[in-house]
Amino acid sequence: MTRSSVLDWAFERYEDLDFTAVRRWIEEAPGRKAAGYLPVYAPREVIRAAGMLPVGVHGGGERLEIIKGDAFYQSYICHLPRSVIELAQSGRLAMLSAMLFPSTCDVIRNLSGVWQLLYPQIYVRYLDLPQVADARIGADFWRGELAILLRDLCAVSERTATDAALREAIVTDNAARAAVRELYRIRRETPWKVPSEELYVLMRAGEVAPVEEFLEKTREYLAAVERDPGRPRDRSRVIVVGAFCEQPPLGLIKTIERSGCFIVDDDFLLGNRLIGADVPAEGDPLRNLAEAFVRSAVKTSIFFEPDPEGKRRLLSERVAAARADGVLFAAASFCDPALLDRPMLSAGAKAAGIPCMAFKFAENTGQFQQFREQAGTFADSIKLWGTQ
Amino acid sequence: MTVPGKDRSMELQKEMLAGHYRRLEAAPEAGEPVVYTFVPGNLTELIRSFDALPVLPEINALQSAMRGRSQGFIAEAERAGHSEDVCSYVKCDVGMLKAGNIGPTGTRLPKPDLLLLSYTGCYTFMKWFELLREEYRCPTVFLHVPYQGDGRQTPEQRAYVASQIRKELIPALEKVTGQRYDEERLRESLHRSAQAEDDLVAVLQSARLEPSPIDAYFGAVYYVGPIFSAFRGTPEGAAYYRALRQEVEERAAQRLGPMTPSGRLDSQKYRLVVEGPPNWTHFREFWRMFSDEGAVVVASTYSKVGGTYDFGFRHDASDPLGTMADYCSGCYTNLSLPERVSMLVRYAREYRADGFLIHSVKSCNSFSAGQLTILREVEKRTGIPGGFLESDLVDARYFSPANLKNRLESYFQMLDARRARSET
């Protein structure tokens, strides 16, 4: 399969706001059901062990006209919940039998309550991710929450969960995480081989496709990259920080890379690599998932940072790991986690002499000229004057 | 109406808070440790059982706003890189710190010996204390209180919170204060808390009377001040609530209304339920928009952010850690939206409200996200017309007096029209 045919597959899923592929999957066998989840992180292994298809709901981007959604949210609340509501109110999410709302911020938390009120027939669960310094206490708590989630989803899917099903889901998700890590590694080391636009749509397709299909397509893409690596280019290497929940329009990602930058690390769709290591499949699978989350979740703004030096160090570490030249803070407007974190992260980066630039976006931003000028100037300044 | 003034209890709570700020200023010299924490989920009894003094950053911010000082602090924080999009409480607090940490009453606030991040119903709290930790470089304890997404606290969640208090918080308090945990002392304090909570509930529920002897939103801000800040579980706190209850019962017996910026509001034209926090930069001006029209608030959700005592919760001295977990879990902003709707519906019915208003603040997603759904749902269930007002907590740029007054006057005219229709 060629790179373009994989990308066609991915674009089709990314652009389809009717979730046709999900509906098709449900219709292909009797009794199939799907569970949606909001950003940033949901335990997809548990959803699949309950026999359901995990479906990432990441809003409507710039492709969805908001008609009803604005009636649910004031102007000073980010764009994501209004487009998610728009998707639901227009019937596009009607195929979902469950919706999970992770503890990303208060807006997503309260959206769980809006869902309970608007769609009482749907199973709704708020996923309160553990946030304690004591890993034992956190893992005990999260294991209990995962057990409740599994029990409830099985009631929805009318399946019986087994440890074998959980282990199989863990093994498959480990493979998916490894494939994602490999794609990120190749882009980090040779960013001209994996343009961020392509990586992004592939990741977005992985949010709605069965994991086995995603793995197959990813492996085909990796093989295609090896066959056709592209021509090396010299651009400024940047990390894009802050877009872990509401997603930037694809045009913005393209604009950054067309303005003289290579994105060598980012926070887009962070949930697919939030657990940074393989989850053991042997033993108690729920305990393993809980331990993996507590011990190896990557550092991000949605979590409390127990290390007093952690915030200041974080970007230096990420910049060093990615061999980046600078940082672009790209937060969604009114995004509390990203915007409240920015002064701390920025102070750490500046103290380390890392060039930084900040802008805000909304998922439906349609004009990119200002970003092109900002990112272009930033890339030029790095090339002209380097890091401090 | 009588000449505007203040009730005895209002003056008393003002003196109590001023005394607390003076004590805080003297704390470093007096050797009294200081613990910064938040109003929702505050563990005042535990903190004070270690002879430490609590500092509540939200109270500092709102008090600064009431004294017209928040705008300068916010500007200071925005100059330092804080976004215009985020919570103005945080920016007011950060700006105050950068400007020398002079508190709202003009006394210097001490540095914290411990930041106790009780993560109860507000995501911003987490970032707020991460920001303060950057400045103060002091120990920080994170107490994760699970959100009541399903409308109730499970036994496992309760055990999770109690376990954190036992294994993380108490050792941290022992370390920074140099004192051993004294459970008997804590029990005595919790016992006094329950007494004060009984009295506070009697005060809040007096609004069922007609005329209401209290304003349960603007007036309640004064009433909940001591129990939300530093005085829950203290002898002074218990005495204040006993005196407040007596004052309100005397007023009720005389069929008098509460003191408002327009004078005593004995003739009450509209009985309202209000959701959301007040604006603090123009607090009395905002209140006057209600009292000038004869509107009294008979129940509010804001007065429950520090505890939902009127639905039965009392601190239980027989189970100190469990009761603290229950308390944290039950604070208003830790409740799911359906629970918040049920609470408002109950208020509207039990307090025989004519109307229901939401005051939505730009700063607070915990309160504001979902309020338009709450509005529709409460209207649907009660048949009572809802109104929607918007401003902010402590950022005066978002307080538009003419706009708010217009909206309120239109809302009251609509209530009049409905009343006239129902009488014909």
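Residues numbered from 1 in each chain as written. Chains lettered and ligands numbered in written order. Predicted model: local features only at pLDDT ≥ 70, side-chain atom pairs only at ≥ 80, totals over all residues.

(A) Region of interest: the overall build of chain B. Per the secondary structure count, chain B includes 16 helices and ten strands. Relative to the compact-globule value of 22 Å for 424 residues, chain B shows a C-alpha radius of gyration of 21 Å, a close match. Overall, chain B is about 70 × 50 × 40 Å in size when its C-alpha atoms are taken along their principal axes. Here chain B, with 424 residues, has 58% of them falling under the buried criterion. Sequence-distant contacts in chain B: of pairs separated by 6 or more residues, those separated by 24 or more amount to 77%. (Helix = DSSP H or I, 4+ residues; strand = E, 2+ residues; numbered from the N terminus. Rg over C-alpha atoms; globule rule 2.2 N^0.38 Å. Buried ≥ 20, exposed ≤ 12 C-beta atoms within 10 Å, placed from the backbone. Contact = placed C-beta atoms within 7 Å.)

(B) Broad picture of the overall build of chain A. Across its full length, chain A holds 14 helices and eight strands. With 388 residues in all, chain A has 55% of them scored as buried. Put simply, of all contacts in chain A between residues at least 6 apart along the chain, 78% involve residues at least 24 apart.

(C) Inspection of the sheet that holds strand β4 (residues 123-127) of chain A at higher detail. All names here are of chain A. With parallel pairing, the four strands of this open sheet are ordered in space as β2-β1-β3-β4. Looking at strand neighbours, the two that pair on one side only are β2 (52-56) and β4, the edges of this open sheet. Adjacent strand axes in the sheet meet at a mean angle of 25°, parallel and antiparallel pairs treated alike. Two elements, strand β1 (residues 33-37) and strand β3 (residues 96-102), share four bridges in a ladder whose sense is parallel. Within β3, the position partnered with Tyr37 by the bridge is Leu100. In the packing of helix α6 (residues 135-157) onto the sheet, contacts are made with β1, β2, β3 and β4, and the angle to β4 comes to roughly 165°. (Pairing = 2+ DSSP bridges. Axes fitted to C-alpha atoms, helices over the stretch in contact; angles between N-to-C directions.)

(D) View of the pairing of strand β4 (residues 140-144) of chain B. All names here are of chain B. With five of five residues buried, β4 lies mostly within the body of the structure. Burial of the side chains of β4 extends over both faces: Thr140, Phe142 and His144 are buried on one face and Val141 and Leu143 on the other. Summarising the sheet, strand β3 (residues 114-119) and β4 pair through five bridges and their orientation is parallel. In the sheet register, Leu117 faces β4, and the bridge partner there is Phe142.

(E) Spatial organisation of the interface of chain A and chain B. Facing 43 residues of chain A, the contacting portion of chain B comprises 44 residues. Elements with a contribution of two residues or more to the side of chain A that touches chain B: α5 (106-118), β4, α6 and α13 (336-351) of chain A. Considering each element in turn, the side of chain A that touches chain B owes the most residues, nine residues, to α5 of chain A. Here the side of chain A that touches chain B is built from residues that sort into 24 nonpolar, nine polar and ten charged. (Nonpolar A, V, L, I, M, F, W, Y, C, P; charged D, E, K, R; others polar.)

(F) Quick peek at the sheet that holds strand β5 (residues 236-241) of chain A. Residues and elements named next belong to chain A. The strand order across the open sheet formed by four strands is β6-β5-β7-β8, and the pairing between neighbours is parallel. Strands at the two margins of the open sheet, each flanked by one partner only, are β6 (261-266) and β8 (356-361). Across the sheet, the mean angle separating the axes of adjacent strands is 30° when strand polarity is ignored.

(G) Fine view of the domain arrangement of chain B. Residues and elements named next belong to chain B. What the domain assignment reports for chain B is domain 1 (9-185) and domain 2 (186-423). Its C-alpha centre places domain 1 at a distance of 23 Å from the equivalent point of domain 2. Taken together, the contact pairs 54 residues of domain 1 with 49 residues of domain 2. When residues of the side of domain 1 that touches domain 2 are assigned to their parent elements, the largest contribution, seven residues, is made by helix α1 (residues 8-30). For the side of domain 1 that touches domain 2, the per-class residue count stands at 27 nonpolar, 19 polar and eight charged. (Domains from an automatic or database assignment.)

(H) The arrangement of helix α10 (residues 235-253) of chain B in detail. All names here are of chain B. Compared with the 27 Å implied by 1.5 Å per residue over 19 residues, the 27 Å span of α10 between its first and last C-alpha is a close match. Buried residues in α10 make contact with α1, α8 (183-205) and α9 (218-228). Looking one or two residues beyond α10, the residue adopting positive phi is Arg255, at roughly 55°. (Expected span 1.5 Å × (residues − 1).)

(I) Spatial organisation of the packing of helix α1 (residues 3-15) of chain A against helix α9 (residues 211-227) of chain A. All names here are of chain A. Following both chains from N to C, one finds α1 and α9 inclined at 145°, their axes separated by 9 Å at the closest point. The handedness of the crossing between α1 and α9 is left-handed. In contact with Arg3, Val6 and Trp9 of α1, α9 contributes Lys217, Glu220, Tyr221, Ala224 and Val225. (Left-handed = near helix turned anticlockwise from the far one by under 90°.)

(J) Summary view of the packing of helix α13 (residues 337-350) of chain B against helix α15 (residues 371-382) of chain B. All names here are of chain B. Packing of α13 against α15 leaves a shortest axis separation of 10 Å and a crossing angle of 45°. One element, α13, and the other, α15, form an angle in the oblique class. Of the two elements, α13 crosses α15, and the hand of that crossing is right-handed. Here Leu337, Arg340, Val341, Leu344, Val345, Ala348 and Arg349 of α13 lie close against α15, whose contacting residues are Thr373, Ile374, Glu377, Val378, Arg381 and Thr382. (Parallel < 35°, antiparallel > 145°, perpendicular 65-115°, else oblique.)

(K) Spatial organisation of the environment of Arg23 of chain B. All names here are of chain B. In this fold, Arg23 is placed in helix α1. Taking the number of C-beta atoms within 10 Å as the measure of exposure, Arg23 has 15 and is therefore partly exposed. Measuring from C-alpha to C-alpha, the distance between Arg23 and Pro110 comes to 9.9 Å, with 87 residues separating the pair along the chain.

(L) Just the nonpolar core, in detail. Formed by 264 residues in total, the largest nonpolar core has its most connected members in Ala35, Val327 and Ala332 of chain A together with Leu117, Leu272, Val273 and Val298 of chain B. Two domains each donate at least three residues to this core, and these are domain 1 (9-185) and domain 2 (186-423) of chain B. With sequence-adjacent residues up to four places away left out, Val273 of chain B is seen in contact with Val298, Ala299, Ser300, Leu344, Tyr347, Ala348, Tyr351, Ala353 and Phe356 of chain B. (Core = buried A, V, L, I, M, F, W, Y, C linked by C-beta atoms within 7 Å.)

(M) Geometry of α13 of chain A. Residues and elements named next belong to chain A. Over its 16 residues, α13 extends 23 Å from the first C-alpha to the last, a length consistent with the 22 Å expected when each residue adds 1.5 Å. Largest kink in α13: about 40°, centred on Arg342, with the proline Pro343 one to four residues after it. By the criterion of burial, α13 is predominantly enclosed, with 13 of the 16 residues buried. (Bend = angle between axes of the 7 residues up to and from the residue.)

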